[in-house]
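This is what each chain is made of:
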Amino acid sequence: MKIIGTGSALPSLVVTNDMLSEFLDTNHEWIYTRTGISQRRIISDESLVELSVSACKRALEDANLDAGDIDFLICSNVVNHYVTPGLSCVIQGDIEAKCPCIDLNSACSGFIYALSVANAFLNTGNVKNILIVCADELSKIVDWNARDTSILFGDGAAAMIVTRGNNLKSMHLSTTSAVEPLHYQRELESTPYSKKEAFTPLVMNGKDVYKMAVTASIQDINAVMHEANVSQKEVSFYLLHQANVRIMETIREYLGEKEEKFPKNIHKYGNTSSASIPLLIDEMNKNGQLKDGDLLVMSAFGAGFSSGACVMEW
Ligand code: COA
């Protein structure tokens, strides 16, 4: 598998920490020092479908492909307006692709899981080009009165086209069922046979999630580097899920690595769920920061508790 195109799209509304402090008992200093976030993009006038379609079109343009060249579409998503059909089906129609589509919900780890599924499909030999789109609007499930969660997330979409190749050096996925630390339940209708199931707002035990994220990411990074037989000296960049700058710093310090090997954009976008790593890759790609042969270690973690990492050559 190798990456041949990237694209992303973000909501136009920038919501700064100061804007949040107008209706929440919080302030820029608390948010910035605890999370590294200065602002995030939040959907207002545009829809997640529109952002996803723009991200996909930009990735197609970058890969110099048409939608008709796509053989399979994978959408990583936790929340969008449709329960059914899957967001992938809506996007497929809007970009005028004709391929089979699936949605995948591995929360903030979704990009790594989508890469893994894409790799498995490419290895069957039946498909050539796969479009992965990671799109989320977690702003629509957070409780905007809860200062410990609403400050963390941002909305956005990022897409990537992968094709056959030998650039994926290793992949490691891991899931340990732990629902309590991070979950959200939507309301379900009552039936003649059961009562209405209550809605639960987004629940997060920040400290538990923080610890699980650091532990899982370090284990995954060690596993993929060992499997790929790659030393830290050979790694160009560690591309981590942008959840909290302190999580990333703890992992960097554990590895004893330099700051410049851990690119970040969380200060601008907050935690955009599974879109965060492909969004970072798209920025680095468009800024010319990625050179052929660069070794990238990617690592993501999220609700589930799920995590995954891979070593991929650019
Ligand atoms: N502004 C001001 N104060 C806030 C606040 C905010 N936005 N949010 C929480 N606080 C308060 C708390 O109420 C608490 O007050 P108390 O001591 O009077 O009870 C205090 O700040 C400390 O809270 P604490 O929970 O100890 O902070 P923390 O250092 O654990 O940081 C998180 C909180 C959420 C930033 C941190 O736990 C975190 O980032 N966890 C990981 C979350 C994550 O990444 N989730 C997504 C994973 S994909």
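Above this text you will find the structure in question.
For clarity, every value in this text was computed on a predicted model and none was experimentally measured. (Residues numbered from 1 in each chain as written. Predicted model: local features only at pLDDT ≥ 70, side-chain atom pairs only at ≥ 80, totals over all residues. Heavy atoms only, no water.)

Visitor: How should the overall build of the chain be read in this particular structure?
Guide: Looking only at helices and strands, the chain has 9 helices and 13 strands in total. Against the compact-globule benchmark of 20 Å for 314 residues, the chain has a radius of gyration of 19 Å, which places it among compact chains. In terms of principal-axis extent, the alpha carbons of the chain reach across some 50 × 50 × 40 Å. Evaluated residue by residue, the chain yields a buried proportion of 56% over its 314 residues. Across the chain, every contact between residues at least 6 apart in sequence was considered, and the portion connecting residues at least 24 apart equals 73%. Summed over its atoms, the accessible surface of the chain is roughly 14,000 Å², and 48% of this surface lies on carbon and sulfur atoms. The distance from the centre of the 26 positive side-chain charges to the centre of the 38 negative ones in the chain is 4 Å. (Helix = DSSP H or I, 4+ residues; strand = E, 2+ residues; numbered from the N terminus. Rg over C-alpha atoms; globule rule 2.2 N^0.38 Å. Buried < 20%, exposed > 50% of the residue type's maximum accessible area, 1.4 Å probe, protein only. Contact = heavy atoms within 4.5 Å. Areas by Shrake-Rupley, 256 points an atom, 1.4 Å probe, with all protein chains shown as cover. Lys, Arg positive; Asp, Glu negative; His and termini not counted. Charge placed at Lys NZ, Arg CZ, Asp CG, Glu CD.)

Visitor: Which parts of the structure should I look at to understand the sheet that holds strand β11 (residues 237–240)?
Guide: Backbone hydrogen bonds hold the strands of a sheet together, and the pairing may be parallel or antiparallel. Taken together, 4 strands build an open sheet; the order of strands is β8-β13-β12-β11 and the sheet is mixed. Only two strands of the sheet have a single neighbouring strand rather than two, namely β8 (168–178) and β11. Strand-to-strand twist across the sheet, computed as the mean angle between neighbouring axes with direction ignored, equals 10°. Two strands pair when backbone bridges link them, and β11 and strand β12 (residues 295–302) are joined in this way by 4 bridges, in the parallel orientation. The partner of Leu239 across the bridge, within β12, is Met298. Packed on one face of the sheet, helix α9 (residues 276–286) meets β11 and β12 and runs near 140° to β11. (Pairing = 2+ DSSP bridges. Axes fitted to C-alpha atoms, helices over the stretch in contact; angles between N-to-C directions.)

Visitor: Looking at this structure, I do not really get unusual backbone geometry. What am I missing?
Guide: Apart from glycine, the bulk of residues carry a negative phi angle, and the bulk of peptide bonds sit in the trans form. With omega at 5°, the peptide bond leading from Thr84 into Pro85 counts as cis. Considering the arrangement of structural elements, one finds Pro85 in the loop between β4 (72–76) and α4 (87–95). The omega torsion across Gly304 and Phe305 is 5°, close enough to zero to call that bond cis. As for its placement among the helices and strands, Phe305 is situated in strand β13 (residues 304–313). The phi dihedral of Glu96 is positive, around 65°, even though this residue is not glycine. If you trace the backbone, Glu96 turns up in the loop between α4 and β5 (101–104). Since its relative accessible area comes to 58%, Glu96 is described here as exposed. Although it is not a glycine, Asn229 adopts a positive phi angle of roughly 55°.

Visitor: Looking at this model, I keep getting lost on the pattern of salt bridges. Mind explaining?
Guide: Oppositely charged side chains are able to pair whenever their charged atoms sit close together. Inspection of every chain in the model, using the stated rule, returns 9 salt bridges. Between Glu249 and Lys264 there is a salt bridge, with the nearest N and O atoms lying 3.3 Å from each other. With Glu249 in helix α7 (residues 245–255) and Lys264 in the loop between α7 and α8 (266–269), this residue pair connects regions lying 15 residues apart in the sequence. A salt bridge links Lys286 to Asp282; the nearest nitrogen and oxygen atoms lie 2.7 Å apart. Placement of the pair is Lys286 and Asp282 together in helix α9, with a separation of 4 residues, close to one helical turn. (Salt bridge = Lys/Arg side-chain N within 4 Å of Asp/Glu carboxyl O.)

Visitor: Where do I start with the site of the ligand in this structure?
Guide: In the vicinity of the ligand, 22 residues are found, and the nearest of them are Thr26, Arg34, Arg147, Lys207 and Asn244. Within the contact set of the ligand, a nitrogen atom lies 2.9 Å away from a backbone nitrogen or oxygen of Arg147. In the complex, 74% of the free accessible area of the ligand, which totals 970 Å², lies under the protein chains. Those elements that place two or more of their residues in the shell around the ligand are α2 (28–35), α6 (206–228), α7 and β12. (Near = heavy atom within 4 Å. Polar contact = N/O pair within 3.5 Å; in protein donor to acceptor, adjacent residues only side chain to side chain.)

Visitor: Even after reading the chapter, I still don't get the pairing of β4, so can you show me in this structure?
Guide: Two faces belong to every sheet, and in a regular strand the side chains alternate between them. The buried fraction of β4 amounts to 5 of the 5 residues, a majority that puts the element mostly inside the structure. In this sheet, strand β6 (residues 130–136) lies alongside β4 in parallel orientation, the contact comprising 5 bridges. Within the sheet, the bridge partner assigned to Phe72 lies in β6 and is Ile130. On the question of chirality, the crossover connecting β4 to the parallel β5 by way of α4 is right-handed. (Right-handed = clockwise from strand over helix to strand, strands pointing away.)

Visitor: Just to check I follow, could you spell out the sheet that holds β6 for this structure?
Guide: Here we have 5 strands laid out as an open sheet, ordered β1-β7-β6-β4-β5, and mixed in their pairing. Two strands in the sheet have a free side with no partner beyond their single neighbour: β1 (2–9) and β5. The sheet shows a mean angle of 20° between the axes of neighbouring strands, taken without regard to direction. Two elements, β1 and strand β7 (residues 156–163), share 7 bridges in a ladder whose sense is antiparallel. Looking at β7, one finds that Lys2 is bridged to Thr163. Contacts between α9 and the sheet are confined to β1, β6 and β7, with β1 contributing the most and set at about 100° to the helix.

Visitor: What am I meant to see in the side chain of Gln92 here?
Guide: With respect to the helices, strands and loops of the structure, Gln92 is situated in helix α4. Given a relative accessible area of 17%, Gln92 falls into the buried group.

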